[in-house]
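Residue-level structural notes
The residues making up each chain are set out below.
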Amino acid sequence: MKKFTNAVVYRQKEANEILVDKGIIKTIGSNLGLVDETIDLGGKLVIAPYVDPHLHLDYVYTLSELGQKSAGSGTLFEAIEMWPKFKENLTIESVKKLAIKGIRDEVSQGVQHVRTHIDVTDPKFTALKAMLEMKEELKDIVEIQIVAFPQEGMYTYRGGLELVEEALKMGADVVGGIPHYEPAREFGEKSIHDIVKLAIKYDKLIDVHCDETDDPHSRFVELLNALVLMEDYGTRTTASHTCSFGSANNSYAYRMIDLFKKSKMNFIACPTENAYLQGRQDTYPKRRGLTRVKEFMEEGINIAFAQDSINDPWYPMGNGNLMNILDNGIHLAQIMSPEVIEKDLDLITYNGARCLNIQDRYGLEVGKDANFIVLDGIVLLM
Ligand code: FE2
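Reading the values: the criteria
- Residues numbered from 1 in each chain as written.
- Predicted model: local features only at pLDDT ≥ 70, side-chain atom pairs only at ≥ 80, totals over all residues.
- Heavy atoms only, no water.
- Helix = DSSP H or I, 4+ residues; strand = E, 2+ residues; numbered from the N terminus.
- Buried < 20%, exposed > 50% of the residue type's maximum accessible area, 1.4 Å probe, protein only.
- Contact = heavy atoms within 4.5 Å.
- Domains from an automatic or database assignment.
- Buried area = accessible area lost by both parts, 1.4 Å probe.
- Salt bridge = Lys/Arg side-chain N within 4 Å of Asp/Glu carboxyl O.
- Nonpolar A, V, L, I, M, F, W, Y, C, P; charged D, E, K, R; others polar.
- Pairing = 2+ DSSP bridges.
- Donors = N, O, S within 2.8 Å, 3.2 Å for Na, K, Ca; no water.
- Tetrahedral: all angles 85-135°; square planar, octahedral: opposite > 155°, others 65-115°.
- Core = buried A, V, L, I, M, F, W, Y, C linked by side-chain atoms within 4.5 Å.
- Expected span 1.5 Å × (residues − 1).
- Phe/Tyr/Trp six-rings, centres within 6.5 Å; stacked < 30°, edge-to-face > 60°.
- Lys NZ or Arg CZ within 6 Å of the ring centre and 35° of its normal.

Okay, the side chain of H113 next. Tracing the sequence through the fold places H113 in strand β8 (residues 111–119). A relative accessible area of 6% places H113 in the buried class. Not counting residues up to four positions away in its chain, the partners in contact with H113 are P49, Y50, V51, D52, V142, E143, L356, I358 and Y362.

Our focus in this paragraph is the domain arrangement of the protein. Partitioning the protein into domains gives domain 1 (2–47 + 366–381) and domain 2 (50–355). If you average the C-alpha positions of domain 1 and of domain 2, the two centres end up 33 Å apart. Contact with domain 1, which involves nine residues of that partner, is made by 11 residues of domain 2. When domain 1 packs against domain 2, the two sides together hide about 770 Å² of surface, and 61% of this comes from carbon and sulfur. The interface formed by domain 1 and domain 2 includes one salt bridge. Among the ionic pairs, R11 bridges to D346, the shortest N-O distance being 3.1 Å. Taken together, the residues of the side of domain 1 that touches domain 2 break down into seven nonpolar, one polar and one charged.

This part takes up the pairing of strand β7 (residues 50–55). With six of its six residues buried, β7 lies for the most part within the structure. Summarising the sheet, β7 and β8 pair through four bridges and their orientation is parallel. Within β8, the residue paired with L55 across the bridge is T116.

Here we take up the coordination of the iron ion. In the first shell of the iron ion, the protein supplies H54 (NE2), H56 (NE2), H209 (NE2) and D308 (OD), at 2.1 to 2.5 Å from the metal. Coordination at the iron ion is irregular, judged from the four donor atoms that bind it and the angles of 86 to 178° they form at the metal. Of note, the iron ion draws all its donor residues from one chain, in the sequence arrangement H-x1-H-x152-H-x98-D. Each member of the pair, H54 as well as H56, is classed as buried.

In this fold, L326 is placed in helix α11 (residues 322–332). Among the residues examined, L326 registers a relative accessible area of 8% and is labelled buried. Excluding anything up to four places from it in sequence, L326 contacts F305, D344, L345, L347 and I348.

This next bit is on the nonpolar core. The nonpolar side chains of a soluble globular protein tend to be buried, and buried together. Grouped together as the largest cluster of nonpolar side chains are 114 residues, with contacts concentrated most on I18 and F260. Residue contributions to this core reach at least three from each of two domains, namely domain 1 (2–47 + 366–381) and domain 2 (50–355). The residues contacting F260, other than those within four sequence positions of it, are V221, N225, F245, M265, F267, F296 and I301.

What follows covers the sheet that holds strand β6 (residues 45–47). Strand order in the open sheet formed by three strands is β2-β6-β15, and the pairing between neighbours is mixed. The open sheet terminates on both sides in strands that have one partner only, identified here as β2 (8–9) and β15 (373–375). With three bridges connecting them, β6 and β15 associate as antiparallel partners. Paired with L45 across the bridge in β15 is L375.

On to helix α8 (residues 250–263), then. Here α8 is 14 residues long and its end C-alpha atoms lie 20 Å apart, about the 20 Å a rise of 1.5 Å per residue gives. For α8, the full list of buried residues reads Y252, A253, M256, I257, L259, F260 and S263. Backbone geometry just downstream of α8 places K264 in the positive-phi region, at approximately 65°.

We now examine the packing of aromatic side chains. Centre-to-centre distance and the angle between the planes together describe a pair of aromatic rings. The final tally for this structure, using the stated rule, is 15 aromatic pairs. Ring geometry for Y59 against W83: centres 4.2 Å apart, planes inclined by 55°, an arrangement best described as tilted. With Y59 in the loop between β7 and α1 (62–65) and W83 in helix α2 (residues 76–87), this pair connects stretches of sequence that are 24 residues apart. For W83, a relative accessible area of 0% translates into the label buried. Consider the rings of Y59 and W314, whose centres lie 4.7 Å apart with planes at 5°: the pair is stacked. A residue pair is termed long-range when its members are at least 10 positions apart, and Y59 in the loop between β7 and α1 and W314 in the loop between β14 (303–305) and α11 qualify at 255 residues. Through successive ring pairs, a cluster of aromatic residues spans F245, Y252, F260, F267 and F296. Stacked on the ring of Y252, the Lys or Arg R219 has its end atom at 3.5 Å from the ring centre. When the ring centre of Y284 is taken as reference, the NZ or CZ atom of K286 above it lies at 5.3 Å.

Right under this line is the structure:
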């Protein structure tokens, strides 16, 4: 039995001690008595570990390591067109070498859970094989959830749908998709139907790159939400990005917000990445590339923030610091009122855990895994 004492425990005003036994939180309180080992936390803040629910670990550092100096024009679609040149030379060893740099960036700054989208539009499954190995090798320091992600499309890439299905059989945890990249709306919609069918068939979670564009006519989130609502699969589903929802008109948006509440579907926004990628065809005013984070929080719809990229063709920066993502995100989403700011830290912790469906064992509560991080700051959190 271990005791962590002299702690400020996140959202538990009366507690200053945590008792841990065999990796599980036994008690949170004060004056918890003598135990085998006591660790003094010096009055610092204890919170649940950061969750990065959307990261491309097979892309990290490819921009500089694969000899490219520029990410081109900075649009999403140009980056997707550039990617095949990058990936043709990948090996299992090269993917692992760069991915470990990204994982080190994240874990060293407090992340303990990562959902990574791995490109499976590759008949050799080079990146997927590398990541399945890493998931097992690193399981004691970081939990990695793998999305079978068809970067070049389920239909735009010949055989893409079959490759996603094969990746699920190989061990991917989550079905991915990219409907706004398919060559016509009909195919984007078909991909959403196939994603939901595959998830149910293989008992997997869903996380779709959904409407990552400023075009308000890109409304694949509507179909995804409807299908998972009808299948009662919303809590196991995430719509990532949904940038176009930030450009939708209000009467459509509020109708959809009601439906999102019914399905209980999760959302992920990538504030730094999409602030960089979106608004590229705007002159001024220039859009922020962000979905309706503030409204989702106000309506109790689960939304988390994520890093998305670290130095890849889509985004030249990034360092796995979730606090930086949160800092940028709360500015872009304008969520700093006294009522909302107390919930902001959840965007990189508890809300991401719900997207990953690990909330049953994640968090600072008795009976849950004793994973937590210790921070200097306590301002505004108590
Ligand atoms: Fe992404």
